[in-house]
Amino acid sequence: MSSVRPWRDIERRKSRQIMVGNVPVGGDAPITVQTMTNTPTSDPGATIAQIRRCEDAGADIIRVSCPDVESTSAFRQIARAANVPLVADIHFHYKRALEAADAGAACLRINPGNIGSSERVAEVIRAAKANGCSIRIGVNAGSLEKDLLEKYGEPCPEALVESALDHIKLLQDHDFHEYKVAVKASDVFLAVAAYQGLADAVDCPLHLGITEAGGLIGGTVKSAIGIGNLLWAGIGDTIRVSLSAEPEEEVRVGFEILKGLDLRTRGVRVVSCPSCARQGFDVIRVVTALEDRLQHIKTPLSLSVLGCVVNGPGEARETDIGITGGGSGRHMVYLSGVTDHHVESADMLDHIVRLVEQKAAEMEAAQATAQAAE
């Protein structure tokens with residue numbers, strides 16, 4: 001069947017599906033959003049509290065660093081408290097991987113080449129199999145093997161792909177196939193080219209990310225360019241937006257990237273104008289306040305906030321709820337694309353929040369009824 005809007009179609013790369021705990025990754029599963037805690041893992045209270053905030057933001061999978069035995073000792077309590085699967089981030093010391101697998105990790109993030117001898121890799125794989133863990137191979141441009149740097153002269157797409165293939169072979173040699181792979185770089189061009197090369201070479205799920213992307217604004221832009229470019233091309237099964245910001249912000253940005261490509265919807269999609277002298281209300285202040293006050297909404301719906309009637313009516317007709325600025329502090333409210341009533345400036349914020357909450361409740365009730373009837 002041909003698409004009504006073929007210019008919007010994204011054909012996802014076909015990949016094998018693996019499980020990270022109870023979350024499917026790859027195949028036809030939704031693209032998942034990940035983040036990573038930054039609290040000391042040895043402090044389970046602080047780490048669990050941060051995991052809760054990330055869960056509320058919508059995180060599907062959360063990574064937790066395990067640099068020492070104190071961290072893996074606390075991991076069991078953290079994993080039991082978490083409502084989403086946890087990935088144990090392991091570097092160098094293979095025993096941390098064994099401990100994390102026994103403590104409830106759903107996935108082990110390792111660089112097999114850093115684990116040590118083939119015997120140690122085999123021991124990690126045995127622990128993963130025994131505990132039902134998947135493995136994420138993490139290749140990074142900043143920590144490429146010396147022989148590859150000597151061979152290629154610098155981090156390049158070919159070096160990242162070769163490193164990934166070498167690590168994949170280590171797992172396959174031990175008959176382990178429940179893995180996903182990342183080839184990250186802070187350079188957008190390098191990362192995108194490496195993922196494109198790897199996507200052509202393997203059939204496993206790919207974990208996307210632009211590593212060390214930067215702060216909230218700069219890192220969001222770089223990640224949107226890099227991750228968005230790959231997702232638009234159909235490449236990618238799970239994403240992590242790496243920001244020098246709180247991890248829940250990474251989750252929100254990740255969902256915004258997916259929403260922008262219509263690959264996944266969660267919460268309110270806001271359409272708003274940049275504002276100008278024609279605006280009938282302070283658009284910037286209103287949008288900022290609404291984004292903050294509507295974070296608790298998980299049901300996918302659309303809201304347009306336009307300052308005047310130039311583009312406002314046209315945009316409002318395409319959204320579930322819309323508002324356009326009018327004169328004398330009275331603004332038009334649209335429901336399901338149709339003009340419905342006016343609202344005064346003083347009441348506007350609370351009124352829109354109530355409308356969104358009511359619409360979300362209606363949509364949730366309708367969905368529950370439909371599911372009950374199946």
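Our structure's up above, just so we're on the same page.
As a starting point, this report considers the structure included with it.

The next thing to look at is the state of the cysteines. Here the structure, examined in full by the defined rule, presents 0 disulfides. Just so you know, Cys273 is unpaired, no disulfide at all, and the nearest cysteine sulfur is the one on Cys308, 6.6 Å from it. Look at Cys273 and you get partly exposed, because its relative accessible area is 21%. This cysteine, Cys308, is not joined by any disulfide, and Cys276 carries the nearest cysteine sulfur, 5.4 Å off.

What follows covers a nonpolar patch on the surface. On the surface, Leu216, Ile217, Val221 and Ile225 cluster together into a nonpolar patch covering about 390 Å² of accessible area. Inspection of the secondary structure assignment puts Leu216 in helix H9 (residues 216-232).

What follows is about the pattern of salt bridges. Counted by the stated rule, this structure contains 17 salt bridges. Arg53 is the partner of Glu248 in a salt bridge, and the nearest nitrogen-oxygen pair spans 3.2 Å. Of the two residues, Glu248 is situated in helix H10 (residues 247-260) and Arg53 in helix H1 (residues 44-57); the sequence distance between them amounts to 195 residues. Under the relative-accessibility criterion, Glu248 is labelled buried at 11%.

Moving on: the nonpolar core. Of all hydrophobic cores here, the largest spans 81 residues; its most connected members are Leu108 and Leu206. Of the residues forming this core, the biggest block, 8 residues, is contributed by helix H8 (residues 188-201). Those residues within four positions of Leu108 in sequence are excluded, and the remaining contacts are Val87, Ala88, Ala97, Ala100, Ala101, Val124, Ala128, Cys133, Ser134, Ile135 and Arg136. With 22 residues, the next largest nonpolar core counts Phe281, Leu301, Val333 and Ile352 among its residues.

A few words on the packing of aromatic side chains. Tallying each qualifying case throughout the model produces 0 aromatic pairs. The ring of Phe255 carries the charged tip of Arg266 above its face, separated from the ring centre by 5.6 Å.

Attention now moves to helix H11 (residues 283-293). Those residues of H11 that sit buried are Val283, Val286, Val287 and Leu290. Around the axis of H11, the buried residues are gathered within 95 degrees of arc, so they sit on the same side. Opposite the packed face of H11, turned more than 90 degrees from it, sit the exposed residues Ile284 and Asp292.

Along the polypeptide, Lys259 turns up in helix H10. Overall, the relative accessible area of 10% leaves Lys259 in the buried class. Within the structure, Lys259 has its side chain in polar contact with the side chain of Glu256 (distance 3.0 Å). Of note is the side chain of Lys259, whose polar atom sits 3.2 Å from the backbone oxygen of Arg266. Ignoring any residue separated from it by four or fewer positions in sequence, one finds Lys259 in contact with Arg264, Thr265, Arg266, Gly267, Val268 and Arg269.

Thresholds applied
Residues numbered from 1 in each chain as written. Predicted model: local features only at pLDDT ≥ 70, side-chain atom pairs only at ≥ 80, totals over all residues. Heavy atoms only, no water. Disulfide = S-S within 2.5 Å. Buried < 20%, exposed > 50% of the residue type's maximum accessible area, 1.4 Å probe, protein only. Patch = residues over 30% accessible without salt bridge, like charges linked within 9 Å, V, L, I, M, F, W, Y side chains within 5 Å. Areas by Shrake-Rupley, 256 points an atom, 1.4 Å probe, with all protein chains shown as cover. Salt bridge = Lys/Arg side-chain N within 4 Å of Asp/Glu carboxyl O. Helix = DSSP H or I, 4+ residues; strand = E, 2+ residues; numbered from the N terminus. Core = buried A, V, L, I, M, F, W, Y, C linked by side-chain atoms within 4.5 Å. Contact = heavy atoms within 4.5 Å. Phe/Tyr/Trp six-rings, centres within 6.5 Å; stacked < 30°, edge-to-face > 60°. Lys NZ or Arg CZ within 6 Å of the ring centre and 35° of its normal. Arc of directions from axis to C-beta. Polar contact = N/O pair within 3.5 Å; in protein donor to acceptor, adjacent residues only side chain to side chain.

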